[in-house]
Every structure is written in structure tokens, then in C-alpha cells.
Amino acid sequence: MRSMKTRAAVAHAANKPLTIEEVELGGPRAGEVLIEIKATGVCHTDAYTLSGADPEGLFPAVLGHEGAGVVVEVGEGVRSLEVGDHVIPLYVPECRQCSYCTSGKTNLCQAIRATQGAGLMPDGTKRFSVGGQELYHYMGTSTFANHTVVPEIAVAKVRKDAPFDKICYIGCGVTTGIGAVINTAKVRPGDNVVVFGLGGIGLNVIQGARLSGANMIVGVDINSARKPIAERFGLTHFVNSTEVEGDLVPYLVDLTGGGADFSFECVGKVSVMRQALECCHKGWGTSVIIGVAGSGEEISTRPFQLVTGRTWKGTAFGGAKGRSDVPKIVDWYMDKKIEIDPMITHTMGLERINEAFDLMHEGASIRSVITF
Ligand code: NAD
Ligand code: AHE
Ligand code: ZN
């Protein structure tokens, strides 16, 4: 419960570079643990919030939600974790008690959603501060810090032989992409799949589609440099949407012999979400929204698209229940059932975290991982 000093990348304001600072961190209270973060990925959602487009974006804050590390202290009453455990913090917790958890219908545990969205710990306090100024938490995880405090229900315990600088990616991108295919869409062998956006999420959708035995795996991006790496993960057809003559939707419907059984939007643009829905097969095609769109943006289509049998869905964290599913995905990685390493194109220290955002915006990285 003592407070300590640690190093963090602080987001003081929207659209401003993060600053590396020594910050004060209050220790774990009842039901919480202190984690030493060993590595964290930089996801597009961090960039989205930093851009100011997130209605829940608060500043100053410690961002980051794709981490892995070691438990260094446990608060009163913590039973499922102990000092030395290797863990992945969860931005979608799993309390196993709320009506959402017990419904068997969703992964969206609501036990601490209100305080999490307000940038606070479950008891309504903030634990990070710098120069007497309190900093908001982010997505309940704040992994852009060498240490962070997280509720026990938002921690997945994983095996100790898995490398932190790879499995941190399971804290968001890997699980989101693969889970969207397996848990949300439930793609079956022989299905034709279209994936929009071949970045850190889309490549994992492709990997999940291959695992599910999909037939065509079509990838759509505006960056042709994504083609070779997507092929490595199972892509069968690449489409650069800026090079298609005429409308993209009929082109994709034609390419897939009538439309996609499943499409996935992994960009975060509402215009792309519409294309993703409308390229689905008449009568049964389902489109899954993964991308996060900016504040105030809305999706639209002709209702006829739904009347004629297409379904629009969405998914958060790939429909995965973190404490139960994340350790299994770590096993898949260690057993070589899935691949992660080639997607981590850059690894760097915390002092270079702003470069990670630059590389993402330039389209030069798939995933950057920060190591401590
Ligand atoms: P990324 O930046 O790594 O990848 C985005 C890709 O989209 C890039 O390859 C880019 O070239 C491509 N792209 C841009 N405009 C396009 C267009 N018009 N058509 C086709 N492709 C286009 O981002 P990421 O980390 O993969 O995240 C993708 C989206 O998923 C973001 O919106 C992110 O916030 C969201 N996300 C959602 C969840 C969830 O749980 N729902 C989890 C993680 C990320
Ligand atoms: N704060 C945004 C919503 C952002 C969002 O949709 N987040 C996803 C995870 S993105 C991970 O990279 C999520 O988990 N959503 C479910 C939830 O409960 O937040 C907004 O629009 O307010
Ligand atoms: Zn993410």
C-alpha cells in the first residue's frame, strides 16, 4: 500500500507527444495488485485516444492497454494471484459474478466499467501523480508505465516461460483479431472472408480465419506493403482499394462469387464499415466491426442491406473472457499454433515511445513493442 516512484510516458494533452517522467504511484488496495510492466504494445486505440477523438479520452493520463509483466505486490483479500506471477492486464475484466459474466452471452464484464471509463480505479481514486498533479488511468490498465495498479479481476495469469515482449500483444491485438473470427463470427471451414485493414488487428483476423479453415481470405488495404506479411498469415487475395476501378463493393462481391460469408472492419472508418457490410453475401453474410470510430461518427447503410439477410455485428477484445481465454492463447503461441513474432516489427525502450506512434501513422510498422 506504500507509494513508489516509477517511470511512465505521460499524455498531458490531446495530440501532444508523450513525455517520459518519474511519477508517483500509490500501492495496491484491497482486491488490487501492483504489476511491474515488462513490455507493452502500442495499439491504434492508444493513438485514437491520444488524438482527442475518444469521447472517453481524459488528460493528463497514462495510456497503454497491451502489457505483460510480473506481480510485485498484492492487496488485501487477493486470492487468485501471488507475487511473482506472470500476468497480462485486461481492459475487459472477468469478475465471474456480474450479470454480464454469468449470462454466458458476452465477454463484456461490467463490474468496473463505469470507473474504468472515467479513468479511475474501482474505488474512484487515481493512483498516478506527477508534481502533485493526479493522472488519469486508461482502460483500467495504463501499461505505458514501468509499474501499474490493476484490480485482480482484470488480470490474466499466464505461464512463466512465455516472453513478455511477444505475449504483451495478446493483451489486445492478437486476442481481438483471432477472437473476432472464432468467438464472434464463428467462421467455419470453407467460408469466404474479407478483411478490411491489414494492421495489427487485421493480420490476426487473417490468422484466425486460416485457423478456422476459411476458403478465400481476401484482404483490403490502401497500403500494398501489407500484402507479403498478410500472405504469410494466410491471405489468399490482396486488394488495394485505391487501385480498384469503379466501386469496391461490387468488385469484392464478384471476387468472392456472391459476397463474403464474413467480413471484418479493422480500420475504424465508418465509410469502410459500410463497404464491409455491403460486400457480404445476400441472405446470410455477416460483417463484424472491430475498428473504433471517432467521437460523434455514425454508421449508415440502406436498411434493404439488412432486410436482404446481411447481419451487422461488433466485437470488443474478440469476445474473449480474459482470465479464462488469455492463458490458452499464450499456450497456442508457445505451442506454435499461432504466430506473433513477425507482426512485431519494432521493439524499443520507453524513451522512444513517440517513434512508435510515428511509425504507426506512417504505415511503417505493424506492431511496436516497448520494453522496460
Ligand atoms: P493499424 O494502424 O495497425 O492498422 C490499420 C490498417 O488499416 C492499416 O494497415 C491501414 O493501412 C489500413 N487502412 C487505413 N485506411 C484504410 C481504408 N480506407 N481501407 C482499408 N484499409 C485502410 O491499427 P490496428 O491496431 O490494427 O487497429 C485497427 C482498428 O481496430 C482501430 O480502429 C483500433 O482502434 C481498433 N481496435 C479495436 C479493438 C476492439 O476490441 N474492438 C481492439 C483493438 C483495436
Ligand atoms: N472509449 C471509446 C470506445 C473504445 C472501444 O470501443 N474500446 C474497445 C477496445 S479497443 C482496444 O484497442 C472496447 O473494449 N470496447 C468495449 C468497452 O466497454 O469499452 C468510446 O467510443 O467511448
Ligand atoms: Zn488495442
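Reading the values: the criteria
Residues numbered from 1 in each chain as written. Chains lettered and ligands numbered in written order. Predicted model: local features only at pLDDT ≥ 70, side-chain atom pairs only at ≥ 80, totals over all residues. Pairing = 2+ DSSP bridges. Helix = DSSP H or I, 4+ residues; strand = E, 2+ residues; numbered from the N terminus. Axes fitted to C-alpha atoms, helices over the stretch in contact; angles between N-to-C directions. Parallel < 35°, antiparallel > 145°, perpendicular 65-115°, else oblique. Left-handed = near helix turned anticlockwise from the far one by under 90°. Contact = placed C-beta atoms within 7 Å. Buried ≥ 20, exposed ≤ 12 C-beta atoms within 10 Å, placed from the backbone. UniProt positions renumbered as here; feature names shortened; annotations may be inferred. Core = buried A, V, L, I, M, F, W, Y, C linked by C-beta atoms within 7 Å. Domains from an automatic or database assignment.

Caption draft 1: Here's a closer look at the sheet that holds strand E7 (residues 133–135). As summarised here, the arrangement of the four strands in space is E1-E2-E6-E7, forming an open sheet in which the pairing is antiparallel. Two strands bound the open sheet, and with one partner strand each, they are strand E1 (4–10) and E7. Here the strands of the sheet are splayed against their neighbours by 45° on average, with no regard to which way each runs. Bridging between strand E6 (residues 128–130) and E7 involves three bridges; their strand directions are antiparallel.

Caption draft 2: Local environment of the packing of helix H5 (residues 173–185) against helix H6 (residues 202–211). As a packed pair, H5 and H6 sit with axes 7 Å apart at the nearest point and diverge in direction by 45°. Taken together, the axis directions place H5 and H6 in an arrangement best described as oblique. Where H5 crosses over H6, the two elements pack in a sense that is right-handed. Counted together, Gly-173, Val-174, Thr-176, Gly-177, Ile-178, Ala-180, Val-181 and Ile-182 of H5 and Gly-202, Leu-203, Asn-204, Val-205, Gln-207, Gly-208 and Ala-209 of H6 form the full contact between these two elements.

Caption draft 3: Quick look at the environment of Pro-17. Topologically, Pro-17 is positioned in the loop between E1 and strand E2 (19–25). For Pro-17, a count of 15 C-beta atoms within 10 Å gives the class partly exposed.

Caption draft 4: View of the UniProt feature "domain: Enoyl reductase (ER)" (unreviewed entry) in the protein. The sites that carry the UniProt feature "domain: Enoyl reductase (ER)" (unreviewed entry) are, in the present numbering, residues 13–370. Here residues 13–370 is 27% helix and 22% strand, with 21 Å between the C-alpha atoms at its ends.

Caption draft 5: Examining the nonpolar core more closely. Judged by nonpolar contacts, the single largest core of 102 residues is most densely connected at Val-62, Ile-167, Val-193 and Val-195. At six residues, the largest contribution of residues to this core is made by strand E3 (residues 32–42). Here this core spans two domains, since at least three of its residues come from each of domain 1 (4–171 + 340–371) and domain 2 (175–315). When residues no more than four places from it in sequence are discounted, the contact partners of Val-195 are Gly-202, Val-205, Ile-206, Ile-217, Val-218, Gly-219, Val-220, Phe-264 and Cys-266.

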